[in-house]
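# Overview (structure and organization)
Below are the chains, spelled out letter by letter.
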Amino acid sequence: MKIEQRFIACNGKEFKTEEDCTKYEKFINELPNIIFSLKKIKKMCNEHQLGCNSCVFYNEDSDNCMLREEFPESWNLERIGG
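The following refers to the structure shown. Bear in mind the structure is a predicted one, so any value in this text is a computation, not a measurement.

The next point concerns the pattern of salt bridges. Tallying each qualifying case throughout the model produces 2 salt bridges. Among the salt bridges present, the one from Glu-14 reaches Arg-6, with a minimum N-O distance of 2.9 Å. On the basis of relative accessible area, Glu-14 is assigned to the partly exposed category, the value being 42%. Classification of Arg-6 as partly exposed rests on a relative accessible area of 48%.

Right, here's the structure in full:
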C-alpha cells in the first residue's frame, strides 16, 4: 500500500508539503498588489521628464536605475524609505 499526501492551492497547483502550499498561496494573494505597483512604477518611468538621475529610483553609486540591478534583493530601498 502507498499513501500519498497532497496539498492543493486555491488555483489547483499541487504541493508535497503544507508549508510550500501556504507560501505559494500567500504569493498568489499578493500578486495583484505587486502587478499594480509594477504598473505604477512603469508609468512613473514613462512620464519622468527630468531624466533618470533625478528619479527616486536612481542609484548614484552605480549611475543607473536601482530597478535595473540584476536581482531585487540587491535593490537599495533605503533611499525611498523601504
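Proteins that are soluble and globular tend to have nonpolar side chains buried together. Within the largest apolar cluster, 5 residues are counted, these being Phe-7, Ala-9, Phe-15, Cys-21 and Tyr-24. The residues touching Cys-21, leaving out its near neighbours within four places in the chain, are Phe-7, Ile-8, Ala-9 and Phe-15.

Calculation notes
Residues numbered from 1 in each chain as written. Predicted model: local features only at pLDDT ≥ 70, side-chain atom pairs only at ≥ 80, totals over all residues. Heavy atoms only, no water. Salt bridge = Lys/Arg side-chain N within 4 Å of Asp/Glu carboxyl O. Buried < 20%, exposed > 50% of the residue type's maximum accessible area, 1.4 Å probe, protein only. Core = buried A, V, L, I, M, F, W, Y, C linked by side-chain atoms within 4.5 Å. Contact = heavy atoms within 4.5 Å.

Purely spatial values, then, with no claim about function.
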